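Survey of secondary and tertiary structure
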Amino acid sequence: MASLVDVAPSEGHSPAQGFEVEYLTCNMTDVVFTSGRVATQTFARAVEPSQGAPVDIWWLFRVRSGEARFETAERRVHAGPGAMFLISLDDDFRGSITDYDGLVLALPRRSFADVADQLNDACTILLSGNLIELLSDYLDRLETRLILMSPDELRQAGRATAQMIAACIQLSSDRLEQARGAIESVLFERARLYIETHLGDFDLTPDRIAQQLRISRSALYRAFESVGGVAGYILRKRLRAAHAELVASTDRQVQEIAYRHGFKLASDFTRAFRREFGVSPREMRERVRRRSTAG
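For the structure given in this document, a descriptive report is provided here.

What counts and how
Residues numbered from 1 in each chain as written. Predicted model: local features only at pLDDT ≥ 70, side-chain atom pairs only at ≥ 80, totals over all residues. Heavy atoms only, no water. Helix = DSSP H or I, 4+ residues; strand = E, 2+ residues; numbered from the N terminus. Rg over C-alpha atoms; globule rule 2.2 N^0.38 Å. Contact = heavy atoms within 4.5 Å. Lys, Arg positive; Asp, Glu negative; His and termini not counted. Charge placed at Lys NZ, Arg CZ, Asp CG, Glu CD. Core = buried A, V, L, I, M, F, W, Y, C linked by side-chain atoms within 4.5 Å. Buried < 20%, exposed > 50% of the residue type's maximum accessible area, 1.4 Å probe, protein only. Pairing = 2+ DSSP bridges.

Digging into the overall build of the protein chain
- Scanning the protein chain for helices and strands turns up ten helices and eight strands.
- The C-alpha atoms of the protein chain give a radius of gyration of 26 Å, which is well past the 19 Å a tight globule of 295 residues would have.
- Oriented by its inertia axes, the alpha-carbon framework of the protein chain measures out at about 90 × 50 × 40 Å.
- Restricting to contacts in the protein chain with at least 6 residues of sequence separation, those with at least 24 account for 72%.
- Each charge sign in the protein chain was given a centre, from 38 positive and 40 negative side chains, and these centres are 9 Å apart.

Comments concerning the nonpolar core
- Leu 60, Phe 112 and Ile 169 are the most contacted members of the largest nonpolar core, which has 31 residues in total.
- Going through the elements one at a time, β5 (57-71), β7 (84-88), β8 (94-108), α1 (116-121), α2 (130-145) and α3 (151-168) are the ones with two or more residues in this core.
- Broken down by element, this core gets its largest block of residues, seven residues, from α3.
- In this structure Leu 60 touches Met 84, Phe 85, Leu 86, Leu 103, Val 104, Leu 105, Leu 107, Leu 127, Leu 135, Leu 139, Ile 165 and Ile 169, once residues within four positions along its chain are discounted.
- Core analysis: the second largest hydrophobic core is formed by 20 residues, Val 5, Val 77, Phe 85 and Phe 93 among them.

A closer look at the pairing of β5
- Direction of pairing for β5 relative to β8: antiparallel, over a ladder of 13 bridges. Bridging from a neighbouring strand, Glu 67 pairs with Thr 98 of β8.
- Inspection of the sheet shows β5 paired to β7 by five bridges, in the antiparallel sense. Bridge assignment links Phe 61 to a residue of β7, and that residue is Phe 85.

See below:
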């Protein structure tokens, strides 16, 4: 695995202890079938896989026990017992496995060229439905027969398995829309946390956020479409934070507050503040003072 994935013990586990792995691998030509168990570990895709790029392989996981967590730039999945999901080795990813027992099938692109786009759409999403249940049953049954097959039978079974997988892992349009909604929700949360942490930075722009989160600008824009866009969201968050400080700290200068919340010029802050709240920062502060005196 070292050519594709950097593997390490989990946090708090001494590397000197290592971790146990027990598995059976069978090359069936059109798929590579692996079953077994893996102790708790963390991993990430190698920065420069030795095979070169692209890495035209998907991994299909079927979890029997334990947990598996994978995260890419745009998606994440947390899989427990009974789950099935795909990972593309052409995507940067990281994650962890906790006492995993199950199946992992390597699917080379040459065997799935006709459905490559559908498989890419299905990556890093928990797969479900009657066809997925059927596929799970088939793979479990296949595992029990592998050691009895001749080389020719393995090749024939590999072709049949590839056809079975291609037939079962295809997202319907409704399922794809649901997946996109989940993806955008994850992207929005990641970007929101980044914005909250860097709200006072003058150079906090959509381009910077997309670059830091390693996602496309179009994906970022779609995630914030329902809240009026990324730039508008940043501006509103800054104004609300500045408003809270303006009200709480009546002795701090308006220009200082503006600067602390990402506005280089007090005049830009005043114009934006008036558009958002209907009054200037000084007028808002005066209202607060009057209410405090009246109280």
